[in-house]
Amino acid sequence: MDRTDAAGLAPSGKSVIGAFAMGAPGDVAGRKRADTFGRTTTEVTGLSDASADVPPGAQLLGREWLGFDGEIASVRFAAQPLFTNRHGTIQGGFLAAMLDSATGLGALAALPSTKTVVTKTLTTRFLKPARVGPITAKAKVISQTERDMIVEADLIDAENVTIATATAELRILDKR
């Protein structure tokens, strides 16, 4: 798998936006990942590879599913130069989209494969400026009822600094 530099370019010089993207936990660019117990993500979450349709927004954000340990879902995003504002930092709307995506995937990882979620509210807190490069999200379910979930997520930059956090209220729905 190609790694990218700070500008989001692979060693070949080609952009890899979307190269790591995925729609739902279960498959990353056609390859399943095993957790520390040797289980694939599909075995942990119950989601099938067929559910891994890649939405355009996930492609744009360069979303990569890193895994779910039974409590915390990890996702990486590729913050691109085209996401920057006039200050040269990542525009807050892109960070909010990353947090929305991460909270949704965190919820899906904790739910049975027959369920899905939609965001009701997303309360976002911007803590530090975000730079171009990899941003990792960690999402955790805080509470759940039959109909609703609350999921919190942090965005962490390449220097391991938390740059933004969010709390999402999600509605649980039957998958169609």
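Further up the page is the structure itself.
A brief look at the structure comes next.

Analysis parameters
Residues numbered from 1 in each chain as written. Predicted model: local features only at pLDDT ≥ 70, side-chain atom pairs only at ≥ 80, totals over all residues. Heavy atoms only, no water. Helix = DSSP H or I, 4+ residues; strand = E, 2+ residues; numbered from the N terminus. Buried < 20%, exposed > 50% of the residue type's maximum accessible area, 1.4 Å probe, protein only. Core = buried A, V, L, I, M, F, W, Y, C linked by side-chain atoms within 4.5 Å. Contact = heavy atoms within 4.5 Å. Pairing = 2+ DSSP bridges. Axes fitted to C-alpha atoms, helices over the stretch in contact; angles between N-to-C directions.

1. Considering the environment of Gly70
Looking at where Gly70 falls in the secondary structure, it is placed in the loop between strand 1 (64–68) and strand 2 (72–79). Residue classification places Gly70 among the exposed residues on the basis of a relative accessible area of 53%. Taking the C-alpha atoms as reference points, Gly70 and Ala109, separated by 39 residues in sequence, lie 8.2 Å from one another.

2. Brief notes about the nonpolar core
Counting residues in hydrophobic clusters, the biggest one holds 33 residues, and the most contacted among them are Leu95, Met98, Val117, Ile135, Met149 and Leu155. The set of elements that each furnish at least two residues to this core consists of strand 1, strand 2, helix 3 (92–110), strand 4 (133–144), strand 5 (148–156) and strand 6 (162–174). Here this core gets eight residues from one element, more than from any other, and that element is helix 3. For Leu155, the residues in contact, after removing those within four places along its chain, are Leu95, Met98, Leu99, Ile135, Thr136, Ala137, Val161, Thr162, Ile163 and Ala164.

3. Details of the sheet that holds strand 4
Taken together, the six strands give an open sheet; going across it, the order is 1-2-4-5-6-3, and neighbouring strands pair in antiparallel fashion. If you trace the sheet from one side to the other, it starts and ends with strand 1 and strand 3 (115–126), each paired once. Taking each pair of neighbouring strands and ignoring which way they run, the sheet shows an average axis angle of 25 degrees. One ladder, built from four bridges, connects strand 1 with strand 2; its direction is antiparallel. Directly across from Phe68, in strand 2, lies its bridge partner Ala73. The sheet contacts of helix 3 involve strand 1, strand 2, strand 3, strand 4, strand 5 and strand 6, and relative to strand 3 the element is tilted by about 140 degrees.

Remember, this is a structural readout, not a statement about activity or role.
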